[in-house]
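As a plain string of letters, each chain reads:
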Amino acid sequence: MSDPRALAVNVAANTNEPGFRGPVYPDGSFAYVPIPESAATLPRERFPVDESMPTYGDLDLPFAVPASLRETPVHADPEFPGVHGRERATYGDPYGVKAGRIAALGPGDRLLFYATLTPRPYGWAGPGEERPGDAGADDRDGAWLRERGIAVNDDLAPDWGAYLFAGMRVERVLSGGDEEGDGGGVVDRAVAAERAPTNAHLKRDPFDARVVAVGDPEASGLFDRVVPLSSPDAGSEANPIVTDLSSDSGKGPWWRRPMAFDAAATSRLLARINRP
């Protein structure tokens, strides 16, 4: 797809990093959990802005992270205004397979983010912990909630699933590639520091982003509810958003790949994202 109007990429916590997926709750609400910072980083005095390196203990999460992770630095990317203490909408990527697709986006296009999430009951205490108390504490299929008139999303996968959870309306994309924007090289660090000074890749030593997307802060952020990409029958089974609207076949490990959407598909997808 040579001219995508939207692109969705996989981000956020997973079973490899930091060892658990973020939660999705029975009504489709969720928590965005960034991955740990896996690269070497600059000393604070060399960051483009005067801020500390965020850790899991700094994140605004509705559950407790394990004590062993609380001092672990996080790679807060993507970042959105008002989310985990961030003020800008940016995303950087060092991988050619995604960078080349992102570099093809222009102003007004959408960069969307999806994650693999695990269904959790309301009041989930956190990884490895059980919530004591009421009979609905372990309700993941929603029966206990329905009896009490609480909304339940029947499209959630039974175990893990892939879900769109955030997006940005692109203002500009900085690319390290050639004029075709193939993402072949690293973005000029000074330009990235000027346009996206808080992006997590600027804290890395060396700076490694092949592309940096800057979003409109007024039209970027977390969704109120997830939009499932997985079938309600199984997380590994793609639903029609993937198979009918995106550039992906929905075969193999589709939940790890970037998915492009043309103008018509983007219009349908945005209508689904914005649906009450």
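Relevant structure appears above.
A quick note: this is a predicted structure, and the numbers were derived from the prediction, not measured.

This part covers the layout of surface pockets. In this structure, the largest pocket encloses a volume near 720 Å³. For the largest pocket, the lining is made up of 27 residues, of which Asn10, Val11, Ala12, Asn14 and Lys98 are closest to its centre. Looking at the lining of the largest pocket, the elements that each hand over two or more residues are strand S5 (90-93) and helix H1 (96-103). In terms of residue count, the dominant contributor to the lining of the largest pocket is S5 (three residues). Residues of the lining of the largest pocket, tallied by class, amount to 11 nonpolar, nine polar and seven charged. Computed from the structure, the second largest pocket encloses a volume of approximately 450 Å³. Around the second largest pocket, the lining comprises 21 residues; the ones closest to its centre are Phe223, Asp224, Arg225, Ile273 and Asn274. Of all elements in the fold, only strand S6 (110-119), strand S7 (161-175), strand S8 (211-228) and helix H5 (263-273) reach the threshold of two or more residues within the lining of the second largest pocket. Looking at the lining of the second largest pocket residue by residue, the classes come out as 10 nonpolar, five polar and six charged.

Looking now at unusual backbone geometry. The omega angle of the peptide bond from Glu17 to Pro18 is 5 degrees, so this bond is cis rather than trans. The residue after Asp77, namely Pro78, is reached through a cis peptide bond having omega 5 degrees. Checked against the element boundaries, Pro78 lands in the loop between strand S4 (74-75) and S5. In this structure, Ala12 takes a positive phi of about 85 degrees despite not being glycine. Along the polypeptide, Ala12 turns up in the loop between strand S1 (6-10) and strand S2 (22-24). Judged by its relative accessible area of 12%, Ala12 falls in the buried class. One non-glycine residue, His84, lies in positive phi territory at about 55 degrees. Mapped onto the fold, His84 is located in the loop between S4 and S5.

Another point: the pairing of S1. Sheet faces and side chains relate simply in a regular strand, where the side chains alternate between the two faces. In terms of burial, S1 is largely enclosed, as four of its five residues are buried. Pairing between S1 and strand S11 (residues 259-261): three bridges, direction antiparallel. Its bridge partner lying in S11, Ala6 is registered against Phe261. Pairing of S1 with S6 involves five bridges; the strand directions are parallel. For Val9, the partnering residue across the bridge sits in S6 and is Phe113.

Cut-offs used in this document
- Residues numbered from 1 in each chain as written.
- Predicted model: local features only at pLDDT ≥ 70, side-chain atom pairs only at ≥ 80, totals over all residues.
- Heavy atoms only, no water.
- 1 Å grid on protein atoms, 1.4 Å probe; cavity = no way out; pocket = protein on both sides within 12 Å on 5 of 7 lines; lining within 4 Å.
- Points joined across faces, edges and corners; volume = space filled by probe spheres on them.
- Helix = DSSP H or I, 4+ residues; strand = E, 2+ residues; numbered from the N terminus.
- Nonpolar A, V, L, I, M, F, W, Y, C, P; charged D, E, K, R; others polar.
- Buried < 20%, exposed > 50% of the residue type's maximum accessible area, 1.4 Å probe, protein only.
- Pairing = 2+ DSSP bridges.

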